[in-house]
Amino acid sequence: LFRAVPLDRVTQEAMALSRPDPALHELSETAMLEGVDAFVSHSWVDDSDAKWVQLQAWRKDFVACNKREPLVWIDKYCISAHDVENSL
């Protein structure tokens, strides 16, 4: 099943983690591909603070224009650490 996460469920602390956290998958929900507003690939070596700042700036603009939280696919939230093969 395809999954996405409302951006207000994503935390700066979780994005900064440099290890898989199976609990993050529980924050995502099933979604239709065409209903996802953005796709974000997370790299363990990315500057998580810089990514957070940019993600929040985009979120602010998105909410102002669309009057709702964006629904995003972020690999560390939407791919199950317990079942990677079936999450892809």
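Residues numbered from 1 in each chain as written. Predicted model: local features only at pLDDT ≥ 70, side-chain atom pairs only at ≥ 80, totals over all residues. Heavy atoms only, no water.

Asks: I keep staring at the overall build of the protein and nothing clicks. Help me out?
Replies: The helix and strand tally for the protein stands at 4 helices and 4 strands. Reading the helices (α) and strands (β) of the protein from amino to carboxyl end gives β-α-β-β-α-β-α-α. Projected onto its principal axes, the C-alpha coordinates of the protein cover approximately 35 × 30 × 15 Å. Residues counted as buried form 39% of the 88 residues belonging to the protein. Across the protein, the fraction of contacts at a sequence separation of at least 24, relative to all contacts at a separation of at least 6, is 76%. Carbon and sulfur atoms make up 54% of the accessible area of the protein, which amounts to about 5,500 Å² in all. For the protein, the distance from the average position of its 9 positive side-chain charges to the average position of its 15 negative side-chain charges is 6 Å. (Helix = DSSP H or I, 4+ residues; strand = E, 2+ residues; numbered from the N terminus. Buried < 20%, exposed > 50% of the residue type's maximum accessible area, 1.4 Å probe, protein only. Contact = heavy atoms within 4.5 Å. Areas by Shrake-Rupley, 256 points an atom, 1.4 Å probe, with all protein chains shown as cover. Lys, Arg positive; Asp, Glu negative; His and termini not counted. Charge placed at Lys NZ, Arg CZ, Asp CG, Glu CD.)

Asks: What is the right way to look at the pairing of strand E1 (residues 3-6) in this model?
Replies: Looking along a regular strand, one sees the side chains alternate between the two faces of the sheet. Of the two faces of E1, the one carrying Arg3 and Val5 and the one carrying Ala4 and Pro6 are both buried. Alignment of E1 against strand E2 (residues 29-30), held across 2 bridges, turns out to be antiparallel. Each bridged residue has a counterpart across the sheet, and for alanine 4 the counterpart in E2 is glutamate 29. Two strands pair when backbone bridges link them, and E1 and strand E4 (residues 71-74) are joined in this way by 2 bridges, in the antiparallel orientation. For valine 5, the partnering residue across the bridge sits in E4 and is valine 72. (Pairing = 2+ DSSP bridges.)

Asks: What exactly am I supposed to notice about the pattern of salt bridges here?
Replies: Any two side chains of opposite charge can pair, on the condition that their charged atoms come close. Using the criterion set out here, one finds 4 salt bridges in the structure. Between glutamate 29 and arginine 9 there is a salt bridge; the shortest N-O distance is 3.2 Å. With glutamate 29 in strand E2 and arginine 9 in the loop between E1 and helix H1 (12-16), this residue pair connects regions lying 20 residues apart in the sequence. Looking at arginine 9, the relative accessible area reads 35%, which means it is partly exposed. (Salt bridge = Lys/Arg side-chain N within 4 Å of Asp/Glu carboxyl O.)

Asks: Would you explain the nonpolar core in this entry?
Replies: In terms of nonpolar packing, the biggest core is built from 20 residues, with Val5, Leu7, Val10, Met15, Val72, Ile74 and Tyr77 touching the most fellow members. Of all the elements in the fold, those that place two or more residues in this core are E1, H1, strand E3 (38-40), helix H2 (48-66), E4 and helix H3 (75-78). Of all the elements, E4 adds the most residues to this core, at 4 residues. (Core = buried A, V, L, I, M, F, W, Y, C linked by side-chain atoms within 4.5 Å.)

Asks: What is the right way to look at the sheet that holds E2 in this model?
Replies: Adjacent strands of a sheet form backbone hydrogen bonds with each other and so pair up, either parallel or antiparallel. Spatially, 4 strands are ordered E2-E1-E4-E3 in an open sheet, and the strand pairing comes out mixed. On the outer flanks of this sheet lie E2 and E3, each paired with one strand and no other.

Asks: How should the side chain of lysine 51 be read in this particular structure?
Replies: One can find lysine 51 in helix H2. Setting aside residues up to four positions removed in sequence, lysine 51 forms contacts with Met15, Ser41, His42, Ser43 and Asp46.

Don't take any of this as a statement about function, it's just geometry.
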